[in-house]
Structures are given as C-alpha cells and as structure tokens.
Amino acid sequence: MKKRWVSAVAVCLLTACAVSPTGRKQLLLMGNNDVAQMGLSSFQQIKEQEQISTDPQQNHYVQCVAQAITRAIPAQYSATNPGQWEVVVFDSDDVNAFALPGGRIGVYTGLLKVTQNQDQLAAVIGHEVSHVLAQHSNERLSQKQVANIGMSAADQLLKNTTTKAPAMAALGMGVQYGVLMPYSRAHETEADVLGLQLMAVAGFNPQESVSLWHNMASASKGSAPLEILSTHPSDQTRIKELQSLVPRVLPMYQQAQTNGVRPQCAG
Ligand SMILES: [Zn+2]
C-alpha cells in the first residue's frame, strides 16, 4: 500500500496532479476527451444490452429531473460538462442509475420504486453526475495504471476493444458487467457534497437525500441486493454525514425557491 502511494506521488509530481472540487489532490493521467469517449462507448454498449423504456410518463419524469440537475451545473465544471446530457430510462427491476463521462445518464425503472418523490430521484442523479464532474473515472483509471499495470500497458488496455471490463468498472459500472469496483469513501463523500449542491441549486429539497438513503437501506434488507449499493457503498456513516451536510446547502435551496426555481416533475 505504501509503495503504491509513493509511486502515485512520484507520477503526480512529474505529470498530472489536479485538485478535486472538495480540495483533494487528484492524479489525472487521462485526457478528458479520452475518458468521454470511453463513457460514450460504454453507454452505447449498455443501450444495446438493456431494454429501453418507451413509457412516456416515466421518460418525461426522469428527463425532467435529470435536465433540472444538469442545468444547475456551475460554469467551473465546463471541462467535464458537455452541456447537453442524453438521458435514457432502462426498463429493468434493477435498483440502479449511473452517469458517464461524455454526458450520459441512465436510470433503471427499479430505482423509481425506491425513490418516493422527485427530490429523492434528484438526489441519486445529482450524486451520479457529481462523480462525472469530479473526474472520478479518470482518477480511478489513473490509480489503476500506476498501481497495477504500468502506464504503457494501460494505454494498450484502453485501446483494446475486447477488454472493456476494467474501463467499465472504472466508470462505475458494476456487477452486471462482471466486474466490481466500488467507489472509495473519498469519492462517495465528494459526490454527496457536490450532489447536494446540485440538487439544492436545481430547486430540489436536499433533506430528501437522507430519506432516500434510509429507503435504500430498508430496500436492501429484502431478498436481492441493490445494484446501486454495489458500486456506491452506503452505511449509517454516510447517512450521518449527509445529515450534517444538508444545513450547508439549505440556503441554496431556499434561494432557488425564492427565485421561482421549483421543478414540477410529475411522478
Ligand atoms: Zn457514488
């Protein structure tokens, strides 16, 4: 572990050190365009594998929430915010959602049974979009390059279309693609911090994020594990952390309300 850290620092000094939205040092070895390309090709692959929902009401609802969130992205994220985000609803009982670099959002209809209102759905989408804005895929791929396979080998890996699994895992795609690479605690916290800001600015009640994760916890006590929890580990610590973060973003939510930013996404 120590060795890995030392080599990451060495690479960091030589090349590509950045600072994340919450002030962490990030190792980013990939170009934004390359990561976006990986996101786009993964999304294409998922669209070919999954059933796409044609239910107009469901599509309208998810689009309405997702577009409200992406419209709230501040200008400082222009490098990772393509402006236009494609949003697809997948007809599946999986309780899952994801966002990919390049501006793609996928929501599974199973999630709509666990989220009780538009604010809770916004909490999930805000969190997922935040992973993209904070370049977590790039960071995960960069860490993997340094830790496991060496940088030239990683280049080969990403060019080789037959071995997409590690790239998919780094993008946050989980068990259904045969690889599991959960987000780290640091990434989860960062996506929660940023996600809360996005939902508050977009006019969704950030307090609902706490209820959402309570729902997730109860739903996961059922027979099947929730897909989203396999890549986004969740526990009581996270819920407590969210509770302490909510008061910081409430003024943004109140401001949005005052300005008439009040999404009405029927669900
Ligand atoms: Zn996450």
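Before reading on, note that the structure itself is shown above.
Residues numbered from 1 in each chain as written. Predicted model: local features only at pLDDT ≥ 70, side-chain atom pairs only at ≥ 80, totals over all residues. Heavy atoms only, no water.

**Q** I tried to follow unusual backbone geometry on my own but got confused; where do I start?
**A** Trans is the common state for peptide bonds, and a negative phi is the common state for residues other than glycine. Positive phi, normally seen in glycine, also occurs at Gln 135, with a value near 60°. With respect to the helices, strands and loops of the structure, Gln 135 is situated in the loop between helix H5 (118-133) and helix H6 (136-149). (Helix = DSSP H or I, 4+ residues; strand = E, 2+ residues; numbered from the N terminus.)

**Q** Looking at this structure, how should I read the state of the cysteines?
**A** Any covalent bond linking the sulfur atoms of two cysteines counts as a disulfide. Following the criterion strictly, the structure yields 1 disulfide and no others. The disulfide bridge from Cys 64 ends at Cys 265, spanning 2.0 Å between sulfur atoms. Looking along the S-S bond of the Cys 64-Cys 265 disulfide, the torsion reads about -70°, which is the left-handed sense. Of this pair, Cys 64 sits in helix H3 (residues 56-71) while Cys 265 sits in the segment after helix H12 (236-258), and the two are 201 residues apart along the sequence. (Disulfide = S-S within 2.5 Å.)

**Q** How should the environment of Gly 31 be read in this particular structure?
**A** Turning to its location among the elements, Gly 31 is positioned in the loop between strand S2 (25-27) and helix H2 (32-49). The spacing of Gly 31 and Asn 138 is 107 residues in sequence and 8.1 Å in space, taken between C-alpha atoms.

**Q** Teacher, can you tell me more about the packing of helix H9 (residues 185-201) against H12 here?
**A** Interaxial distance between H9 and H12 falls to 8 Å at its minimum, and their mutual angle equals 25°. Taken together, H9 and H12 sit at an angle that is classed as roughly parallel. By crossing handedness, the relation of H9 to H12 is classed as right-handed. Between H9 and H12, the residues in contact are Arg 185, Glu 188, Thr 189, Asp 192, Val 193, Leu 196, Gln 197, Ala 200 and Val 201 and Thr 237, Arg 238, Glu 241, Leu 242, Leu 245, Val 246, Val 249, Met 252, Tyr 253 and Ala 256, respectively. Looking at the contact of H9 with H12 residue by residue, the class counts come to 11 nonpolar, 3 polar and 5 charged. (Axes fitted to C-alpha atoms, helices over the stretch in contact; angles between N-to-C directions. Parallel < 35°, antiparallel > 145°, perpendicular 65-115°, else oblique. Left-handed = near helix turned anticlockwise from the far one by under 90°. Contact = heavy atoms within 4.5 Å. Nonpolar A, V, L, I, M, F, W, Y, C, P; charged D, E, K, R; others polar.)

**Q** What exactly am I supposed to notice about the packing of aromatic side chains here?
**A** Describing an aromatic ring pair means giving the distance of the ring centres and the angle of the ring planes. Across all of its chains, the model carries 5 aromatic pairs by this definition. Measuring from centroid to centroid gives 6.3 Å for Phe 90 and Phe 98, while their planes differ by 20°, and the two rings are stacked. Assigned by exposure class, Phe 90 and Phe 98 land together as buried. Counting every residue linked through ring pairs, the aromatic cluster contains Phe 43, Phe 90, Phe 98 and Tyr 108. (Phe/Tyr/Trp six-rings, centres within 6.5 Å; stacked < 30°, edge-to-face > 60°. Buried < 20%, exposed > 50% of the residue type's maximum accessible area, 1.4 Å probe, protein only.)

**Q** Before we go on, may I ask you to explain the nonpolar core in this structure?
**A** Across soluble globular proteins, nonpolar side chains show a tendency to be buried alongside one another. By size, the foremost hydrophobic cluster in this structure holds 51 residues, and its most contacted members are Ile 69, Ile 105, Val 107, Leu 121, Ile 125, Val 129 and Met 216. At 8 residues, the largest contribution of residues to this core is made by H5. Formed by 7 residues, the second largest nonpolar core is a distinct cluster that contains Phe 43, Ile 46, Val 88 and Phe 90. (Core = buried A, V, L, I, M, F, W, Y, C linked by side-chain atoms within 4.5 Å.)

Shape descriptors only; they carry no functional weight alone.
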